[in-house]
Amino acid sequence: MPILTLSSDIGQRDFIVGAIKGQFLQSIPDLNIADISHYLSQTNLPLAAYICGNAFQFYPSGTFHLVLVNVFESETNHFLIAHWNGQNIICADNGLITMITGVKPAQIIRVPVTPNAGLLTITADLVNAVSQIFKQGRVTAAGTVTQEMVEKYPLKPTVGENWIEGQILFIDNFENVVINITQKDFEEHGKGRRFKIMFKRNEMIEKISDNYASVAEHGKIAWFNSAGYLEIALRNGNMAGLFGLQGYNEHMQQSGVSNGNKWFYQTIRIFFE
């Protein structure tokens, strides 16, 4: 049975997500559609990439992943299908594909869509493209091979001899804070040294824990989550809200807005001793 995942910044308070699923099922009745998230941010592509990339890897080879994020950032007359690690990512040509993959995929298909059209007209074009792929058994049935695409790449932490600094990628429903420092980054730069995870002036954490039971009620805790990224939280508390931590915002970074201490609270620095 063919599989397609659906991710977007649309939300689920109106009919759009249901209508898109209906469009696919009318054309491909045996399609299995799975939702990833419909609350991705238009201004935070690293967050969308973090959520999508870490979810896509668990799907069977050959799965198609439609990602509708910031579709109308510029005039749209085509989408892209990129083949990566056995998965097929369908996305607007806005840089999100390379944010997810971390590299420029070897196979990229340019899929024409109706210029300057509404979302459901565009998704109808994409339904037709996916349907042709399934009918003909080749991804090139959807369009033409290209190497031209907008390229943006994942945020990397900045490093010094005795420190590493990361951006806040994601704040979850529990106000836990995910930072773009991986366990590999931490181990390569830490080299087994003692450390202090610093945030909001003098707040710190000096231990990596395995689970919430490692600290007292409302204690600060740090661990590497199931995606391998550094996460900080308060046990049964509100880490982001209490300490004023802010998620990454692409528009703010591009404009250079600092707004007092706000920049500081969007970053986490680890000092090694």
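Everything below is about the structure printed above this text.
Here we summarise the structure given alongside this text.

The rules behind these values
- Residues numbered from 1 in each chain as written.
- Predicted model: local features only at pLDDT ≥ 70, side-chain atom pairs only at ≥ 80, totals over all residues.
- Heavy atoms only, no water.
- Buried < 20%, exposed > 50% of the residue type's maximum accessible area, 1.4 Å probe, protein only.
- Helix = DSSP H or I, 4+ residues; strand = E, 2+ residues; numbered from the N terminus.
- Pairing = 2+ DSSP bridges.

The next point concerns the pairing of strand β13 (residues 220-224). Regular strands place side chains that alternate from one sheet face to the opposite one. Extensive coverage of β13 is indicated by the burial of four of its five residues. Where β13 lies against strand β14 (residues 229-234), five bridges are found, and the strand directions are antiparallel. Looking at the pairing, I221 lines up with A233 of β14. The turn joining β13 and β14, which pair antiparallel and follow one another in sequence, is formed by four residues; a positive phi near 90° is taken by G228.

A large share of strand β10 (residues 177-182) lies buried, amounting to six of its six residues. On β10, burial covers both faces: V177, I179 and I181 on one face and V178, N180 and T182 on the other are all buried. By the bridge criterion, three bridges tie strand β9 (residues 163-171) to β10 in an arrangement that is antiparallel. Within β10, the position partnered with I168 by the bridge is I179. Between the antiparallel neighbours β9 and β10 lie five residues, among them E175 with a positive phi of about 65°. As judged from the three bridges shared by β10 and β14, these two strands associate in the antiparallel manner. From the neighbouring strand, T182 faces β14, where its bridge partner is Y229.

Everything listed here is a matter of geometry and, on its own, says nothing about what the molecule does.
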